[in-house]
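The residues making up each chain are set out below.
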Amino acid sequence: MKKTLIFCGALILVTVGLSVYMKWEENGYKSDMQFSQELSLKDLAVKNNVPVKEILHGLSHKDHKLWDLPRNIPIKSLGVNIDEVRHALEHIKEESNPLRDVLKYILWSIWLSFILIVVLQQKRIKKIRIITLLFSVFLFGVILGATPNPMESIVKLFKLFNGMEGDPKVLAMSFLLFTLFSLIGSKFICSWGCQLGALQESIFNIPIFKKKYAFKMPFFISLSVRLVLFTAFIFLLFGIGYRVVHGIKNFVIYHHVNYFKIFNLHDLATIALYTLPILFVVSLFIYRPFCQFICPFGLYSWLLENIAFKKIKIIEDKCIKCTKCVEACPTQAMKEIYEKKRKHFLPDCWSCGACMEACPTDAIEYR
Ligand code: SF4
Ligand code: SF4
Ligand code: SF4
């Protein structure tokens, strides 16, 4: 326990330090918006200290052809709706809210420490978890909004390499913080802090058909889909193999399935809007489908699970081989931990504690 307390104290201090530094950096990056239709896109970008590609990216959400707009002639001569250009710039500014970001990161570090020190010490975790998930949806989603979030931290990092983001220090800090939050325990930020993950699990908890049709997705399928999507994202973003992707580049695949934007509804992409009911329905039967099939941060945090500070462990002397833990687990993680076929790269474990609660002999520890 002493080690855990020191770890959590250090985590909160590091988060406060890094997020205050980010606020300071962000303030210098995007101050008041300057807009005039006499300016060219390039001048607009310079005046507002944002990459021109970030503005073009915003404009191209509706029509990908807008990527090819001339950058050196006045906006009024471009033949595009001036309000759309203004909106694209406003959107960039809106996403950059240093005070909200600082508050959110600090609250996340305190919240995750509380979960580790208090909640995961309880024997009956299930009921508490339902409440904490709803709290995460409310605080980190409804109140504090879609941004920042773990998925964007990884997507924006790749966009940065493509010149579509212009704030390397802030993006690196954000990615570092989410990495730290994932190292506390297996998928810790995903499990207890992510607003979209918590929303999906809250839907999964609705006891429809008494969970008779709940389905545990074979891990190799979900991992393969996530990997294929991530590869497609890289190809379409950088235009790798120009012929393979039919000349498409600067296309951000995850933008179109960014369901985090339900916490910022007017920004939800058209595809995400129309497929949202599907996500809700599938979430009733499959545990966190977006996380298991789509989210690139899910993929990254799966790799981090191998070096996470805390993990689920079976104490062999106490185990009576009843397999109740395997039944209780919403994924295939416990099955593989129990069968001990391999030590690393096991199916995603969400640190949910369901196996600990199900075990009649307290043979499972979160070590
Ligand atoms: S995997 Fe799920 S919980 Fe983790 S960041 Fe993505 S959406 Fe959130
Ligand atoms: S029930 Fe499964 S996902 Fe949850 S903590 Fe146990 S092994 Fe991990
Ligand atoms: S529930 Fe506990 S006792 Fe039963 S198999 Fe799992 S670890 Fe062993």
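What counts and how
Residues take numbers from 1 onward in each chain, read along the sequence in its written order. All chains are assigned letters beginning with A, and all ligands numbers beginning with 1, in the order in which they are written. Local features in a predicted model are, by the rule used here, given only for residues with pLDDT of at least 70; side-chain atom pairs are given and counted only at 80 or more, and totals for whole chains, interfaces and linings are based on all residues. Excluding hydrogens and water, the side-chain values take into account all heavy atoms of the structure. Every helix listed is a DSSP run of H or I at least four residues long, and every strand listed is a run of E at least two residues long, numbered separately from the N terminus. For the exposure calls, accessible area comes from a 1.4 Å probe over protein chains only, and a residue counts as buried if that area is under 20% of its type's maximum, exposed if over 50%, partly exposed in between. By definition in these notes, contact holds between two residues if any of their heavy atoms fall within 4.5 Å. Here the Shrake-Rupley method, with its probe set to 1.4 Å, supplies the accessible areas, and only the displayed protein chains count as covering residues. Charge assignment: positive for Lys and Arg, negative for Asp and Glu; neither His nor the chain ends contribute. Note that the charge is assigned to NZ on lysines, CZ on arginines, CG on aspartates and CD on glutamates. Residues are counted as near a molecule or strand when any one of their heavy atoms sits within 4 Å of it. Note that Gly is not counted as nonpolar here; it falls among the polar residues with everything else outside the nonpolar set of Ala, Val, Leu, Ile, Met, Phe, Trp, Tyr, Cys and Pro and the charged set of Asp, Glu, Lys and Arg. A helix is expected to span 1.5 Å for every residue after the first. For patch building, the residue pool is restricted to those with more than 30% relative accessible area and no salt bridge; the joining distance is 9 Å between like charges and 5 Å between nonpolar side chains (Val, Leu, Ile, Met, Phe, Trp, Tyr). By convention in these notes, a salt bridge is any Lys or Arg side-chain nitrogen within 4 Å of a carboxyl oxygen on Asp or Glu. Any pair of Phe, Tyr and Trp rings, taking the six-membered ring for Trp, is counted once the centres come within 6.5 Å. Such a pair is stacked with planes under 30 degrees apart, edge-to-face with planes over 60 apart, and tilted for the rest.

Points about the overall build of the chain
In step 1: Each helix and strand counted, the chain has 17 helices and two strands in total.
In step 2: Structurally, the chain occupies a C-alpha span of about 75 × 45 × 35 Å along its principal axes.
In step 3: The burial tally for the chain puts 55% of its 367 residues in the buried class.
In step 4: Of the contacts made within the chain by residues no fewer than 6 positions apart, 76% connect residues no fewer than 24 positions apart.
In step 5: Element-wise, carbon and sulfur atoms account for 66% of the exposed surface of the chain, whose accessible area totals about 17500 Å².
In step 6: Measuring between centres, the 45 positive side-chain charges of the chain sit 8 Å from its 29 negative side-chain charges.

What to know about unusual backbone geometry
In step 1: The step from Thr 147 to Pro 148 runs through a cis peptide bond, and the omega angle for that step is -10°.
In step 2: Within the secondary structure, Pro 148 is located in the loop between helix H6 (125–143) and helix H7 (150–161).
In step 3: With a phi angle near 45°, Arg 288 is a residue other than glycine that sits in the positive phi range.
In step 4: Inspection of the secondary structure puts Arg 288 in the loop between helix H12 (270–285) and helix H13 (289–293).

Quick word on the site of ligand 1
In step 1: The local shell around ligand 1 consists of Pro 150, Cys 190, Cys 194, Gly 197, Phe 260, Arg 288, Phe 290, Cys 291, Cys 295, Phe 297 and Gly 298.
In step 2: Those elements giving two or more residues to the shell around ligand 1 turn out to be H13 and helix H14 (296–304).
In step 3: Taken together, the residues that form the shell around ligand 1 break down as eight nonpolar, two polar and one charged.

Brief notes about the site of ligand 3
In step 1: For ligand 3, the full set of nearby residues is Cys 319, Ile 320, Lys 321, Cys 322, Thr 323, Lys 324, Cys 325, Tyr 338, Cys 359, Pro 360, Thr 361 and Ile 364.
In step 2: A per-class count over the shell around ligand 3 returns eight nonpolar, two polar and two charged.

Side note on helix H8 (residues 168–183)
In step 1: Taking 1.5 Å of rise per residue, the 16 residues of H8 would be expected to cover 22 Å, and the 22 Å separating its terminal C-alpha atoms lies within 8% of that figure.
In step 2: Every buried residue of H8 is accounted for by Val 170, Leu 171, Met 173, Ser 174, Phe 175, Leu 177, Phe 178, Thr 179, Phe 181 and Ser 182.

As for the environment of Arg 71
In step 1: Take Arg 71: it is sitting in the loop between helix H3 (52–59) and helix H4 (82–95).
In step 2: By relative accessible area, Arg 71 is classed as partly exposed at 31%.
In step 3: In the structure, Arg 71 is positioned 30 residues away from Leu 41 in sequence and 5.0 Å away in space, judged by C-alpha atoms.

Focus on a nonpolar patch on the surface
In step 1: A cluster of nonpolar residues, Phe 138, Val 142 and Ile 143, forms a patch on the protein surface that exposes about 300 Å² of accessible area.
In step 2: Here Val 142 is to be found in helix H6.

A short note on the packing of aromatic side chains
In step 1: Tallied over the full model, the rule gives 22 aromatic pairs.
In step 2: On the numbers, 6.2 Å between centres and 45° between planes, the contact of Tyr 105 with Trp 108 is tilted. Here Tyr 105 pairs with Trp 108, and both are found in helix H5 (residues 98–117), just three residues apart, close to one helical turn. The exposure classification of Tyr 105 matches that of Trp 108, with both residues buried.
In step 3: Through a chain of ring-to-ring contacts, three or more aromatic side chains come together here, namely Tyr 105, Trp 108, Phe 140, Phe 175, Phe 178, Phe 181, Phe 297 and Tyr 300.

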